[in-house]
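# Residue-level structural notes
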Amino acid sequence: MRVNMAKNEKKNDISNLSFEQAIKELTGIVNKIEQGEIPLQDSLEQYEKGMALIKHCKGILQKAEARIEKISLDSEDRKQETEGSI
Amino acid sequence: MQRKTSSVKIYTVSEINGLIKEVLENSLPSRLTVSGQITDWKLHHSGHCYFSLKDENSVLPCVIWRSNFEDVKFKPESGLAVLAVGSIELYVPHGRYKFIVDELIPAGVGALQLAFEQMVKKLRAEGLFDEAHKKPIPRYPERIGILTSESGAALHDITHSIWTRWPCVKLFLYPVPVQGDGAAEQIAAAIRDLNQRNKKLRLDVLIVGRGGGSQDDLWEFNKEVLARAIYDSQIPIISAVGHEVDVTVADLVADARASTPTKAGEEAVPDMQEVLADLSNKENRLWHKMKGRVELAGQSLETTLASAVFRNPLLMVRNRELDLDELCVTLSDSVKNAVARAKESLHWAYEQIVRIEPHRLLAGRMLGLNELRNRTVAAMKAVFNNRQIQLTAMANRLAGLNPKSVLGRGYSITMKKQTHSVLRSLAEIEVGDSLITELAGENFVESQVTKK
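Residues numbered from 1 in each chain as written. Chains lettered and ligands numbered in written order. Predicted model: local features only at pLDDT ≥ 70, side-chain atom pairs only at ≥ 80, totals over all residues.

Of the regular secondary structure elements, chain B holds 12 helices and 13 strands. Every one of the 452 residues in chain B was classed for burial, and the buried ones make up 21%. For chain B, restricting intrachain contacts to residue pairs at least 6 apart in sequence, the fraction spanning at least 24 positions comes to 61%. (Helix = DSSP H or I, 4+ residues; strand = E, 2+ residues; numbered from the N terminus. Buried ≥ 20, exposed ≤ 12 C-beta atoms within 10 Å, placed from the backbone. Contact = placed C-beta atoms within 7 Å.)

See the structure below:
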């Protein structure tokens with residue numbers, strides 16, 4: 001039960017990463033595995049994490065909204081901000 | 001001598017000056033352009049500027065009224081060669097004429113260009129263009145703010161260039177005027193506004209831009225107020241102003257410059273295709289490397305399984321059994337040896353003892369013992385006999401002393417019956433007491449005292 005929970009937590013951690021953070025972690029993992037200084041068990045875990053990160057990054061890239069939101073000095077928009085809609 | 005009534009006209013000072021003024025102003029074109037070098041430039045606190053124009057031989061006093069000076073875009077200073085446009089006027093009360101200038105044009109370089117160069121020099125000296133101050137543009141921005149005209153072509157160029165490269169980014173438009181008076185102030189205010197609200201807005205980078213135009217059209221992007229707002233911005237700013245050849249002060253202050261709005265995308269966001277290729281590349285590297293490692297691990301396992309230990313696991317046990325047997329043999333051998341040695345020493349001891357001929361010694365001792373015994377017995381017998389004799393003698397003596405022996409001679413013993421005590425005197429008895437008399441042979445007679 002505990003192992004499954006840990007896996008889910010990991011997934012949530014990754015899905016909260018920004019693209020920049022994810023790429024950084026991914027680069028680190030690839031380097032670590034390529035250098036080979038890491039024990040087999042750990043490398044399997046890291047490999048899994050790396051694949052999850054790649055999936056996450058690709059997911060971010062696929063999201064294209066292609067629209068612009070307008071903001072200005074309007075007090076109307078300021079109100080919207082405090083309500084957290086931007 | 002006669003006093004002539006002459007027709008010589010006598011003028012007052014004012015009249016003369018007034019005449020000169022008329023002549024001067026009528027004979028000269030109402031507007032002149034004069035070329036010369038500025039000297040004695042003085043900005044009066046009233047806002048009017050007093051100066052002179054000179055050439056090698058002559059000096060012309062000038063003034064620019066404050067209202068006209070405001071239109072002068074560059075900073076006039078002594079030594080600058082200019083074209084001055086205006087009109088000559090004579091101020092009657094002072095009797096002096098001045099060239100009233102309403103337009104100053106720097107000779108050689110255009111006014112705007114000169115003003116631009118002066119502004120660049122000034123701001124560079126203050127460090128506004130320093131590389132060290134420029135903030136890095138985030139590599140993978142998620143939210144970008146665009147400051148440009150809502151209706152201009154630049155907006156489309158910017159958004160298109162961004163979306164073709166990196167469609168996953170969110171764009172925000174903050175409409176601003178991009179030319180005309182006050183545009184610089186409004187853009188500056190917009191930048192400050194966005195900075196203030198950025199905790200909520202979370203913009204990663206701003207793009208300030210407009211399409212191409214003349215130096216005049218772009219002039220607002222050279223204004224100091226905008227430059228300072230860009231310098232002070234905490235959010236990194238990319239400037240995307242005009243065409244490639246147009247460089248504005250804003251371009252120099254900004255953290256990055258896109259030479260035109262269409263190039264804004266290249267500065268602001270990465271190329272998605274490149275990033276996808278990089279991701280695929282990483283994916284492959286990971287996969288191949290892992291495959292390699294797993295294969296290697298598998299090989300190493302196989303090698304281990306193929307080794308003698310796994311092929312013939314009992315080998316070790318057999319070897320140990322052999323060792324054990326050998327040890328057992330060694331053990332029993334050594335025990336046997338020990339026993340044999342013990343036997344030997346025992347035998348040797350026996351021999352030693354035999355050599356001593358203990359039986360002979362014993363026999364000898366036995367003789368001696370017997371002798372002693374015999375002597376002891378004899379001695380004991382002798383002693384016993386002795387004692388026996390002594391005893392007999394004593395017994396005889398005693399028997400002789402036995403008081404009861406006299407009884408045989410007729411004597412008797414008289415006792416009181418009550419006490420069985422021997423009578424020795426009359427006092428011991430009374431008349432009537434019973435008496436026992438013992439005669440020889442243990443015979444007793446009982447009697448009574450009748451008289452004493």
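Structure's up, so let's keep going.
Another aspect to go through is the interface of chain A and chain B. Counting from both sides, the interface comprises 30 residues of chain A and, opposite them, 30 residues of chain B. Taken together, the elements giving at least two residues each to the side of chain A that touches chain B come down to helix 2 (19–35), helix 3 (40–62) and strand 1 (68–70) of chain A. Among the elements that line the side of chain A that touches chain B, the one with the most residues is helix 3 of chain A, at 10 residues. Partitioning the side of chain A that touches chain B into residue classes produces 18 nonpolar, 4 polar and 8 charged. (Nonpolar A, V, L, I, M, F, W, Y, C, P; charged D, E, K, R; others polar.)

Taken N-terminus to C-terminus, the directions of helix 3 of chain A and helix 9 (residues 272–306) of chain B make an angle of 160 degrees; their axes are 10 Å apart at the nearest point. In terms of axis orientation, helix 3 of chain A runs roughly antiparallel to helix 9 of chain B. Here the hand of the crossing between helix 3 of chain A and helix 9 of chain B comes out left-handed. Taking contact as the criterion, the partners of Leu40(A), Ser43(A), Tyr47(A), Gly50(A), Met51(A), Ile54(A), Cys57(A), Lys58(A) and Leu61(A) in helix 3 of chain A are, on helix 9 of chain B, Met272(B), Val275(B), Leu276(B), Leu279(B), Lys282(B), Glu283(B), Leu286(B), Met290(B), Arg293(B) and Ala297(B). (Axes fitted to C-alpha atoms, helices over the stretch in contact; angles between N-to-C directions. Parallel < 35°, antiparallel > 145°, perpendicular 65-115°, else oblique. Left-handed = near helix turned anticlockwise from the far one by under 90°.)

Quick look at the pairing of strand 3 (residues 59–64) of chain B now. Residue and element names in this part refer to chain B. Pairing between strand 2 (residues 49–54) and strand 3: 6 bridges, direction antiparallel. Directly across from Leu 53, in strand 3, lies its bridge partner Leu 60. The turn linking strand 2 back onto strand 3 is made up of 4 residues. Here strand 3 pairs with strand 5 (residues 96–106) via 3 bridges, running parallel. For Cys 62, the partnering residue across the bridge sits in strand 5 and is Phe 99. (Pairing = 2+ DSSP bridges.)

What follows is about the environment of Glu430(B). Residue and element names in this part refer to chain B. Within the secondary structure layout, Glu 430 lies in the loop between strand 11 (413–416) and strand 12 (434–439). The exposed category is assigned to Glu 430, around which 10 C-beta atoms lie within 10 Å. When the C-alpha positions of Glu 430 and Thr 450 are compared, they lie 8.9 Å apart, and in sequence the two are 20 residues distant.

Residues and elements named next belong to chain B. The strand order across the open sheet formed by 3 strands is 11-12-13, and the pairing between neighbours is antiparallel. Sheet topology places strand 11 and strand 13 (443–448) at the edges, where each strand pairs with a single neighbour. Direction aside, the axes of adjacent strands within the sheet are offset by 25 degrees on average. Across 4 bridges, strand 11 lies against strand 12 in antiparallel orientation. Bridge pairing links Met 415 to Ile 436 in strand 12.

Glancing now at helix 1 (residues 13–27) of chain B. When the terminal C-alpha atoms of helix 1 of chain B are compared, their 21 Å separation across 15 residues agrees well with the 21 Å that a helix rising 1.5 Å per residue should span. Within helix 1 of chain B, only 0 of the 15 residues are buried, which leaves it mostly out in the open. (Expected span 1.5 Å × (residues − 1).)

This part takes up the sheet that holds strand 5 of chain B. One key point about sheets: their strands pair by backbone hydrogen bonds, in either a parallel or an antiparallel sense. All names here are of chain B. The strand order around the closed barrel formed by 5 strands is 1-2-3-5-4, and the pairing between neighbours is mixed. Across this sheet, the average inter-strand angle for adjacent strands is 55 degrees, counted without regard to direction. Docked against the sheet, helix 1 engages strand 4 (81–91) and strand 5, running at close to 140 degrees with respect to strand 4.

On to the packing of helix 2 of chain A against helix 9 of chain B. Describing two packed helices takes the angle between their axes plus the distance from one axis to the other. Two elements in contact, helix 2 of chain A and helix 9 of chain B, have axes whose closest approach is 10 Å; the angle formed by their N-to-C orientations is 30 degrees. Regarding the angle of helix 2 of chain A to helix 9 of chain B, the classification is roughly parallel. For the crossing formed where helix 2 of chain A meets helix 9 of chain B, the hand is left-handed. For the pair helix 2 of chain A and helix 9 of chain B, contact is made by Leu26(A), Val30(A), Ile33(A) and Glu34(A) and by Lys282(B), Arg285(B), Leu286(B), Lys289(B) and Met290(B), respectively.

Here we come to the environment of Leu147(B). All names here are of chain B. Topologically, Leu 147 is positioned in strand 6 (residues 143–148). Residues Leu 147 and Val 208, spaced 61 residues apart in sequence, show a C-alpha to C-alpha distance of 4.8 Å. Beyond its immediate chain neighbours, meaning those up to four positions away, Leu 147 contacts Tyr 174, Val 176, Ile 187, Ala 190, Ile 191, Leu 206 and Val 208.

We now examine unusual backbone geometry. Excluding glycine, a negative phi dihedral is what most residues carry, and trans is how most peptide bonds are arranged. Residue and element names in this part refer to chain B. One non-glycine residue, Asp 40, adopts positive backbone phi at about 50 degrees. Structurally, Asp 40 is set in strand 1 (residues 32–43). For Asp 40, a count of 13 C-beta atoms within 10 Å translates into the label partly exposed. One non-glycine residue, Arg 202, lies in the positive phi region at around 55 degrees. By the element assignment, Arg 202 lies in the loop between helix 5 (183–201) and strand 8 (205–210).

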